[in-house]
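Secondary and tertiary structure notes
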Amino acid sequence: MIELRIGLEGVAVAESEISCVNGEKGELIYRGYWAEEAVKDHGFEAVVHLLWHGEFPTSDQLSAFKRDLANRRVLPDYVKTIIKSLPKETTPMAALRTAISSLTVPGESWPPTQTQAMDILAKAPTIIAYHYRVQQGKEPIEPDTSLDHIANYLYMLHGESPRASFARALETYCMLSMDHDMNASTFTSRVVTATEADIVSAITAAIGALIGPLHGGAPSKVDDMLDEIGTKDNAEPWLREQLESGKRLMGFGHRVYKTYDPRAAALKVVTQQFSDESPLFELSLYVEEVAIRLLAEYKPGRNLYPNLEFWAAGVMRTIDMPRELYTPTFCLSRIAGWSAHVMEQAANNRLIRPSVVYVGKRPETPPPSHV
Ligand code: ACO
């Protein structure tokens, strides 16, 4: 008899050395380092290197890694044409999914390589910025190879070199959201890879999984929620009404974390550094406090706390990231994690093919004879 685990909760589908979440204790490990510690003294490229190679790069390796990534940022003309020809109403995530799916990466389609992963990772911010500026009726900005990955992303969005503190705040978010063991989109990337499909297909499929509001679509919805709440006085009545009508509070709860998400805790500290200039910071603090209390009252025993998205929204607001780019920004960092999993899956591959408990009708006649 096959055991039915709807949502695959508590089922392990692979061994992995990349990252590990302990939801009861609120812990996240990247390759043997506490994630919050790993991101403290390192930048985006170094943490990607850690996830892909299992160790931080030496300074020579880091320079070479940065150079390789920076040199791959420019989009081929056909990708620009695709982006420009998308309908006005195409969302940034749909544009990213479409443009990534069109990429032709160097080398054979199997097995996936670091060069291919690098190519996709390098181009993702350019695609997001290019589409954003085209949609705004602005001239797209070509990448600046002298800037680091995240600073260059902000430069391509806004057309000026970003404030170093803003680039660092976003970089911290991107590093903390890079990988999170077997989440829905990472699982998707591994399922596709396990069929020996190419890395572009695996990353494209993972982007699809990340689009859903139960996964990557929450941070902008956190801001929508804060906008609707508007004032501290309105927080408790508004949150109560949501919970009484069976709605979910965006940025709270997690399939794995049953305590405060360590990424949310780290990003709260980042947002706090800008508390004077971060819109809605005071309101966020208050909403967080009331929501934790009300979630315990309405959903006792479910242990619902802020997840990454609640304070990711704080960072994004602080640096003035356009709201529609919150999820694409999450995605550009998660591509690094997906790529690590794609390469790990391919290195020790087995087709992922679960079962189903069939509860449909059976034919009323005996099975046909095949002899
Ligand atoms: N607000 C209110 N109630 C909630 C919330 C929430 N944010 N999250 C969970 N619950 C309740 C559910 O209604 C359920 O109640 P019940 O037992 O009375 O039916 C109980 O808590 C357990 O919920 P599940 O749906 O089983 O929890 P699951 O593990 O499937 O959900 C999820 C995790 C999808 C993240 C959920 O907490 C949620 O919808 N949160 C809001 C959306 C969000 O913040 N998404 C971002 C996730 S973080 C990320 O992907 C990086």
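This text follows the structure it describes.
Here's a quick rundown of the structure. All values reported here derive from a predicted model rather than from experimental measurement. Residue numbers here run from 1 along each chain, matching the order of that chain's written sequence. Residue-level local features of this predicted model are given only where pLDDT is at least 70; pairs of side-chain atoms are given and counted only at 80 or more, and the full residue set underlies all totals for whole chains, interfaces and linings. Just so you know, side-chain values use all the structure's heavy atoms and leave hydrogens and water out.

**Some thoughts on the site of the ligand**
Proximity is defined per residue: if any heavy atom of the residue lies within 4 Å of a molecule or strand, that residue is considered near it. Neighbouring residues of the ligand: 21 residues in total, closest His-215, Arg-248, Leu-249, Phe-252 and Arg-302. What qualifies as a polar contact is a pair of N or O atoms within 3.5 Å, subject to a donor-acceptor requirement within protein and to the restriction that residues adjacent in sequence count only when both atoms come from side chains. Between an oxygen atom of the ligand and a main-chain N or O atom of Gly-251, the distance comes to 2.9 Å. In this structure, Arg-255 approaches the ligand through a side-chain N or O atom, which is 2.8 Å from an oxygen atom. For the ligand, the protein covers 78% of the area, taking 920 Å² as the surface of the free molecule. Residue classes in the shell around the ligand are distributed as 10 nonpolar, five polar and six charged. With residues, only the protein chains shown are counted as cover, and all accessible areas are computed by Shrake-Rupley using a 1.4 Å probe. In this classification, the charged set is Asp, Glu, Lys and Arg, the nonpolar set is Ala, Val, Leu, Ile, Met, Phe, Trp, Tyr, Cys and Pro, and all remaining amino acids, among them Gly, are polar.

**Observations regarding the environment of Leu-304**
In this text, helices come from DSSP runs of H or I with a minimum length of four residues, and strands from runs of E with a minimum of two, each type numbered from the N-terminal end. With respect to the helices and strands, the residue Leu-304 is situated in the loop between helix H14 (281-298) and helix H15 (308-318). Along the backbone, Leu-304 and Arg-293 are 11 residues apart, and their C-alpha atoms lie at a distance of 9.5 Å. In this structure Leu-304 touches Gly-253, Leu-295 and Lys-299, once residues within four positions along its chain are discounted. Contact between two residues is taken to exist if any of their heavy atoms lie within 4.5 Å; hydrogens are not considered.

**Looking at the packing of aromatic side chains**
Pairing of aromatic rings covers Phe, Tyr and the six-membered ring of Trp, with a centre-to-centre limit of 6.5 Å; geometry is then stacked below 30 degrees between planes, edge-to-face above 60, and tilted otherwise. Inspection of the entire model under this criterion finds seven aromatic pairs. Taken together, a centroid distance of 5.6 Å and an interplanar angle of 70° make the contact between Phe-166 and Phe-274 edge-to-face. With Phe-166 in helix H8 (residues 164-176) and Phe-274 in the loop between helix H13 (262-272) and H14, this pair connects stretches of sequence that are 108 residues apart. Across the pair, exposure class does not vary: Phe-166 and Phe-274 are buried alike. Both rings, one in Phe-252 and one in Phe-310, keep their centres 4.9 Å apart while their planes meet at 50°; by these two values the pair is tilted. Here Phe-252 is found in the loop between helix H12 (232-244) and H13, whereas its partner Phe-310 is found in helix H15, with 58 residues between them in sequence. Here a set of aromatic residues connected by ring pairs shows up, and it is made of Phe-252, Phe-281, Phe-310 and Trp-311. Throughout this description, buried means an accessible area under 20% of the type-specific maximum (1.4 Å probe, protein chains only), exposed means over 50%, and partly exposed covers the range between.

**Examining the nonpolar core**
Among buried residues, the Ala, Val, Leu, Ile, Met, Phe, Trp, Tyr and Cys ones that are joined through side-chain atoms within 4.5 Å form a nonpolar core. By size, the foremost hydrophobic cluster in this structure holds 107 residues, and its most contacted members are Trp-52, Ile-100, Leu-170, Tyr-173 and Met-321. At 11 residues, the largest contribution of residues to this core is made by helix H6 (residues 114-135). Among all residues touching Trp-52, those that are not within four sequence positions of it are Arg-31, Phe-65, Gln-114, Ala-117, Met-118, Leu-121, Ala-336, Ser-339, Ala-340 and Met-343.

**A closer look at the side chain of Lys-80**
Mapping Lys-80 onto the fold places it in helix H4 (residues 77-84). In terms of polar contacts, Lys-80 uses its side chain to reach the side chain of Glu-142, at 2.9 Å. Ignoring anything within four residues of it in the chain, the contact list for Lys-80 reads Leu-75, Tyr-130 and Glu-142.

**Overview of the environment of Leu-62**
In this structure, Leu-62 sits in helix H3 (residues 59-71). The exposure class assigned to Leu-62 is partly exposed, which follows from its relative accessible area of 22%. In this structure, the C-alpha to C-alpha distance between Leu-62 and Val-200, residues 138 residues apart in sequence, is 25 Å. The residues contacting Leu-62, other than those within four sequence positions of it, are Glu-45, Ala-46 and Pro-57.

**Quick notes on the environment of Glu-297**
Following the sequence through the fold, Glu-297 ends up in helix H14. Given a relative accessible area of 44%, Glu-297 falls into the partly exposed group. Taking the C-alpha atoms as reference, Glu-297 lies 35 Å from Val-39; in sequence the two are 258 residues apart.

**Quick notes on unusual backbone geometry**
The general pattern is negative phi for most residues beyond glycine and trans for most peptide bonds. At the junction of Trp-110 and Pro-111, the peptide bond is cis and its omega measures out at -5° in the coordinates. A positive phi angle is found at Asp-320, which is not glycine, with a value near 65°. Structurally, Asp-320 is set in the loop between H15 and helix H16 (326-347). Given a relative accessible area of 59%, Asp-320 falls into the exposed group.

**A word on the pairing of strand E1 (residues 19-22)**
Of the two faces of E1, only one is covered, namely that formed by Ser-19 and Val-21; the face formed by Cys-20 and Asn-22 stays uncovered. Two strands are counted as paired when DSSP detects at least two bridges linking them. Sheet topology note: the E1/strand E2 (residues 27-30) ladder contains four bridges and is antiparallel. Directly across from Val-21, in E2, lies its bridge partner Leu-28. The antiparallel hairpin formed by E1 and E2 contains four residues in its connecting segment, where Gly-26 sits at a positive phi of about 70°.

**Side note on the sheet that holds E2**
Here three strands make up an open sheet; going across it, the order is E1-E2-E3 and the pairing antiparallel. If you trace the sheet from one side to the other, it starts and ends with E1 and strand E3 (33-34), each paired once. Bridge count between E2 and E3: two bridges; the pairing is antiparallel. Looking at the pairing, Ile-29 lines up with Trp-34 of E3.

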